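Structural overview for review
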Amino acid sequence: MKAFTDWLLAQRQRLVIVAIVATPLLPVVSAALLALETIRRGPLQGLVSAAFGVAGLSLLAALSRTGVVTFALIGVASMGAGVAVGALIRWAGNLVFAFQAVWLVCFVLVAVLGLVGPDPAVVFAPVLKEFEAMVQAPPGSEADVAELTARLAAMLPAVTLFSSLVGALLLSYWWWSVASGQKQFGAEFRRLKLGRWLGSVATLVVLLALVFGAPVVQNLLPMALFGFMFQGLAVMHAWAHAKQWHPALLGLVYVLLVVPPLTVAVMVPLGVIGMVDTWLDLRKPVRSAA
């Protein structure tokens with residue numbers, strides 16, 4: 001992997017071409033590539049590479065007679081996010097602080113969108129229609145499906161934004177660790193946390209969501225749960241590393257996370273672990289080994 005990464009970073013055009021190819025199907029990979037470029041060469045050079053990438057993506061769309069504007073917007077979103085993530089990593093200097101900054105940015109953006117942004121049910125209408133068709137509710141349960149769809153619509157802004165930025169952050173940071181010949185990614189991921197201040201905000205959101213049904217609170221609830229979920233994963237990795245658990249146990253957790261019927265059943269316990277860790281420091285017993 002290091003040889004491939006070195007080959008990519010040796011010449012700008014190689015990385016840009018791979019990013020262009022990856023954008024339509026795997027925008028998070030495209031964002032990670034631009035973040036890697038920004039970490040290596042700085043924000044200004046990252047912006048130049050992103051501009052070339054968007055131009056190349058638009059040209060590709062024109063040649064294939066598809067939506068040029070749509071492809072250009074996707075390129076701007078994914079590659080621009082990559083440059084921002086790369087600049088953040090350069091500034092933060094470590095994964096924990098960068099993760100906290102990404103979570104805070106996403107939290108503020110989701111709050112603003114919930115207050116003055118467009119209706120998520122309109123923005124994500126195609127996705128919600130596919131969801132309703134997939135559920136195929138039996139007669140008499142249309143109201144339940146409508147309620148479930150409304151909840152999904154409230155979650156999608158946070159899910160889309162946070163998964164894109166955190167995915168780019170983790171992938172690019174790991175990639176940069178490989179490129180620099182260091183092995184700090186695992187150790188830093190095991191220290192991942194929201195911290196006391198952000199953890200307090202996330203805890204407050206969870207408590208408010210249990211009492212109030214205000215849209216802005218319900219929109220922010222996924223952000224709190226995602227933050228605690230990643231902290232819970234970090235706790236699990238810390239204990240697994242210290243106690244030398246079999247890798248299959250961690251692998252099983254990640255498999256269950258991407259199986260839709262079981263995703264929530266895994267996310268909730270991980271979120272609870274992350275919330276408890278904010279206040280009781282569950283990693284303290286194994287910190288010397290982790």
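These remarks concern the structure in this document. (Residues numbered from 1 in each chain as written. Predicted model: local features only at pLDDT ≥ 70, side-chain atom pairs only at ≥ 80, totals over all residues. Heavy atoms only, no water.)

This paragraph deals with the layout of surface pockets. If you add up the space inside the largest pocket, you get close to 1700 Å³. The dominant element in the lining of the largest pocket, judged by the number of residues it contributes, is helix α9 (residues 142-179), at 13 residues. Along the lines of polarity and charge, the residues of the lining of the largest pocket split into 33 nonpolar, six polar and one charged. In this structure, the second largest pocket occupies an estimated 620 Å³ of space. Taken together, 24 residues line the second largest pocket, and the ones lying closest to its centre are Ala77, Phe124, Thr160, Leu161 and Ser164. Contributions of two or more residues to the lining of the second largest pocket are made by α3 (27-41), α5 (68-92), α6 (95-116), α7 (120-123) and α9. At eight residues, the largest contribution of residues to the lining of the second largest pocket is made by α9. Residue classes in the lining of the second largest pocket are distributed as 19 nonpolar, five polar and no charged. (1 Å grid on protein atoms, 1.4 Å probe; cavity = no way out; pocket = protein on both sides within 12 Å on 5 of 7 lines; lining within 4 Å. Points joined across faces, edges and corners; volume = space filled by probe spheres on them. Helix = DSSP H or I, 4+ residues; strand = E, 2+ residues; numbered from the N terminus. Nonpolar A, V, L, I, M, F, W, Y, C, P; charged D, E, K, R; others polar.)

Okay, α6 next. Taking 1.5 Å of rise per residue, 22 residues should cover 32 Å, and α6 covers 31 Å from first to last C-alpha, within 8% of that figure. Where α6 is concerned, the buried positions are Leu95, Val96, Ala98, Phe99, Gln100, Ala101, Val102, Trp103, Cys106, Phe107, Val110 and Ala111. At the N-terminal boundary of α6, the capping side chain belongs to Asn94, with an oxygen 3.2 Å from the backbone nitrogen of Val96. (Expected span 1.5 Å × (residues − 1). Buried < 20%, exposed > 50% of the residue type's maximum accessible area, 1.4 Å probe, protein only. Polar contact = N/O pair within 3.5 Å; in protein donor to acceptor, adjacent residues only side chain to side chain.)

Taken as a whole and judged by the stated rule, the model has three salt bridges. The partner of Arg12 in a salt bridge is Glu37, and the shortest N-O contact between them spans 3.6 Å. Taken together, the residues span a long stretch of sequence, with Arg12 in helix α2 (residues 12-22) and Glu37 in helix α3 at a distance of 25 residues. Of the residues examined, Arg12 reaches a relative accessible area of 24% and is grouped as partly exposed. When its relative accessible area of 0% is taken as the criterion, Glu37 is described as buried. Here Arg283 ties to Asp277 by a salt bridge, and the two come within 2.6 Å at their closest N and O atoms. Each member of the pair Arg283 and Asp277 is classed as buried. What you see here is one network of salt bridges that share partners, running through Arg12, Glu37 and Arg41. (Salt bridge = Lys/Arg side-chain N within 4 Å of Asp/Glu carboxyl O.)

On inspection of all chains with the given rule, the structure shows nine aromatic pairs. Measuring from ring centre to ring centre gives 6.4 Å for Phe99 and Phe162, while their planes differ by 70°; the resulting arrangement is edge-to-face. One end of the pair, Phe99, is in helix α6; the other, Phe162, is in helix α9, and 63 residues separate them in sequence. One exposure class covers both Phe99 and Phe162, and it is buried. The interplanar angle of 40° and the centroid separation of 6.4 Å between the aromatic rings of Tyr173 and Phe185 together place this pair among those described as tilted. Of the two residues, Tyr173 is situated in helix α9 and Phe185 in helix α10 (residues 184-190); the sequence distance between them amounts to 12 residues. Residue Phe185 is classed as buried on the basis of its relative accessible area, which comes to 18%. Grouping aromatic residues by their ring pairs yields a cluster made of Phe99, Phe162, Phe226 and Phe230. (Phe/Tyr/Trp six-rings, centres within 6.5 Å; stacked < 30°, edge-to-face > 60°.)

Here the focus is the side chain of Ser78. Within the fold, Ser78 resides in helix α5. A distance of 3.5 Å separates the side chain of Ser78 from the backbone oxygen of Gly75, its partner in a polar contact. In this structure, Ser78 is in contact with Thr23, Pro27, Ser30 and Ala31, ignoring residues within four places of it in sequence. (Contact = heavy atoms within 4.5 Å.)

The interhelical angle for the contact between helix α11 (residues 195-211) and helix α14 (residues 260-280), taken along N-to-C directions, is 130°, at an axis separation of 10 Å. Taken together, α11 and α14 sit at an angle that is classed as oblique. Crossing hand, α11 versus α14: left-handed. Every residue of α14 that contacts α11 at Gly195, Arg196, Gly199, Ser200, Thr203 and Val206 is listed here: Met275, Thr278 and Trp279. For the contact of α11 with α14, the class distribution of residues is three nonpolar, five polar and one charged. (Axes fitted to C-alpha atoms, helices over the stretch in contact; angles between N-to-C directions. Parallel < 35°, antiparallel > 145°, perpendicular 65-115°, else oblique. Left-handed = near helix turned anticlockwise from the far one by under 90°.)

Okay, the environment of Ala158 next. Inspection of the secondary structure puts Ala158 in helix α9. Between the C-alpha atoms of Ala158 and Asn219, which are 61 residues apart in sequence, the distance is 7.1 Å. Every residue in contact with Ala158, bar those within four places of it in the chain, is listed here: Val110, Ser163, Asn219, Pro222, Met223 and Phe226.

Where α6 meets helix α12 (residues 215-243), the axes come as close as 8 Å, and the angle between the chain directions of the two elements is 165°. Comparing their axes, α12 and α6 come out roughly antiparallel. Our pair here, α6 against α12, has a crossing hand that is right-handed. Mapping the contact onto sequence places Phe99, Trp103, Cys106, Phe107, Val110, Ala111, Gly114 and Leu115 in α6 and Val216, Asn219, Leu220, Met223, Ala224, Gly227 and Phe230 in α12.

In short, the description is geometric, and any link to function would need to be established separately.
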